[in-house]
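Here is how the chains run, residue by residue.
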Amino acid sequence: MKRVDDFRLRFGKREIVPIMIGGMGVDISTAELALEAARLGGIGHISDAMLPTVSDRLYDTGFVKEKLQQYKFNIDNSDKSAVKFDLGHIAESTRLHVSKTMEAKRGEGMVFINCMEKLTMNAPRETLTVRLRSAMDAGIDGITLAAGLHLGSFAMIEDHPRFRDVKLGIIVSSLRALQLFLRKNARTNRLPDFVVVEGPLAGGHLGFGMEDWMKYDLRTITNEVLQYMRDEKLDIPVIPAGGIFTGSDAVSYLEEGSAAVQVATRFTVADECGLPKDVQQEYFKASEDDIEVNGISPTGYPMRMLKASPAIGSGIRPGCESYGYILDSNGRCSYIDSYNREVAAHPGEKKIQVFDKTCLCTHMRNFKLWTCGHYTYKLKDTSNKLADGSYQVLSAEHIFRDYQFSTDNQVALPEKA
Ligand SMILES: Cc1cc2nc3c(=O)[nH]c(=O)nc-3n(C[C@H](O)[C@H](O)[C@H](O)COP(=O)(O)O)c2cc1C
């Protein structure tokens, strides 16, 4: 019986353990988690979501305070078009996070950064260009283009000296999206180095419609993409993601021609993961009924999360003067409209509730939106229940090696704490 360790992901001459820990914003997939994956010979991701605020927390910078100072005058204004990011701050925070992570890297694996196009930041082109180029400047091994079609992203970096050396990949949820990406980026004469195929059971935002996500399945989409690669004689590693919970699940994809797997949910309960310890216990305890896919993300993509997430129903004032990562090119975010509607409907009330949308920036930053994969309800079976009723947090190494070496759909429990 095969194990994940019997396979390798090949990038030129490099051989990588075919386990990639997916990006989890905002700093849920920490540098520590990504570095463990690299040390163990696989691939880890940091995320570039909201790096100015992450940098303030990790490296003692003052980017958010400065932005708020500059735009404080606009807080009561529902027109946020004036609230712009300082491109220098974005560059500096990206450089700090990436360079500090890369300096600490050990082992044979790699560290990539997850870049979501949907973080439009009130100036989509300018801000994404700076994010991508600064990560390359600071020595990142690879970039995973996420949450969007990225039809113009290669062009933003094609004149960068590292354009052909950094590993560049894209996350798609359909063959059509991949074909569109390849067609639009063909002009740069550079194919992606890998393609992540993300199915509907993943955590975070889903690349499917709110009404029809349940009609799709990862195996079918992955096989369509693999067939396309064979038909077109394209030698691009295909990496399925979403609901791959055991080493055996992973092997079944590797045996069918996938080059690696991308996984995330099992690492949400790792010690190195950025979620606060009390939130990790919510993930452990969750049952299937405690999880839903809803439309509260102002990005317009459905998102899977724990129903107990404090972000659901929260009616806080939009935090765009501090954050503003979802503002589109006209300075709009659908949460602002929902918030204003509820304020108008409840005159004089101090505390209002908003259910149809959420202030994604503030709540993701504060770990109040508990996004998770479909199989979160199985996490309790991956650890020991302690005398006080809580679950034992795992090491990333334990989880990684379990994916790498387990067989027979087994999940190895950690040694009792
Ligand atoms: C807590 C959490 C946060 C996530 N955040 C992001 C993100 O910021 N960007 C992204 O492209 N994918 C994100 N994802 C998706 C993962 O990177 C990954 O592709 C997917 O969850 C894999 O499926 P699994 O969780 O069932 O293993 C997130 C997943 C989780 C569980």
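Residues numbered from 1 in each chain as written. Predicted model: local features only at pLDDT ≥ 70, side-chain atom pairs only at ≥ 80, totals over all residues.

**Let's talk about the site of the ligand**
Inference 1: Lining the immediate surroundings of the ligand are 30 residues, of which Gly-22, Gly-25, Gly-203, Gly-204 and Gly-373 lie closest.
Inference 2: Of all the elements in the fold, those that place two or more residues in the shell around the ligand are strand S5 (110-116) and strand S11 (261-263).
Inference 3: The class makeup of the residues in the shell around the ligand is 15 nonpolar, 14 polar and one charged. (Near = placed C-beta within 6 Å. Helix = DSSP H or I, 4+ residues; strand = E, 2+ residues; numbered from the N terminus. Nonpolar A, V, L, I, M, F, W, Y, C, P; charged D, E, K, R; others polar.)

**Quick look at the packing of helix H2 (residues 51-59) against helix H4 (residues 87-103)**
Inference 1: For the pair H2 and H4, the least separation of the axes is 9 Å and the interaxial angle reads 50°. Taken as axis vectors, H2 and H4 run oblique relative to one another. Both H2 and H4 take part in a crossing whose hand is left-handed. Along the contact surface, H2 presents Leu-51, Pro-52, Val-54, Ser-55 and Tyr-59, while H4 presents His-89, Ile-90, Ser-93, Thr-94, Leu-96 and His-97. (Axes fitted to C-alpha atoms, helices over the stretch in contact; angles between N-to-C directions. Parallel < 35°, antiparallel > 145°, perpendicular 65-115°, else oblique. Left-handed = near helix turned anticlockwise from the far one by under 90°. Contact = placed C-beta atoms within 7 Å.)

**A word on helix H1 (residues 31-39)**
Inference 1: Counting buried positions along H1 yields seven of nine residues, so the element is predominantly enclosed.
Inference 2: Within H1, the full set of buried residues consists of Ala-31, Leu-33, Ala-34, Leu-35, Glu-36, Ala-37 and Ala-38.
Inference 3: In this structure, the buried residues of H1 make contact with strand S3 (19-21), strand S4 (43-47), H4, S5 and helix H13 (396-405). (Buried ≥ 20, exposed ≤ 12 C-beta atoms within 10 Å, placed from the backbone.)

**Section: the nonpolar core**
Inference 1: Membership of the largest hydrophobic core comes to 123 residues, with the highest contact counts inside it found for Ile-143, Val-195, Val-197, Ile-239 and Val-261.
Inference 2: Not counting the four nearest positions on each side in its chain, Ile-239 is found in contact with Met-20, Phe-194, Val-195, Val-196, Val-197, Ser-258, Ala-259, Ala-260, Val-261 and Gln-262. (Core = buried A, V, L, I, M, F, W, Y, C linked by C-beta atoms within 7 Å.)

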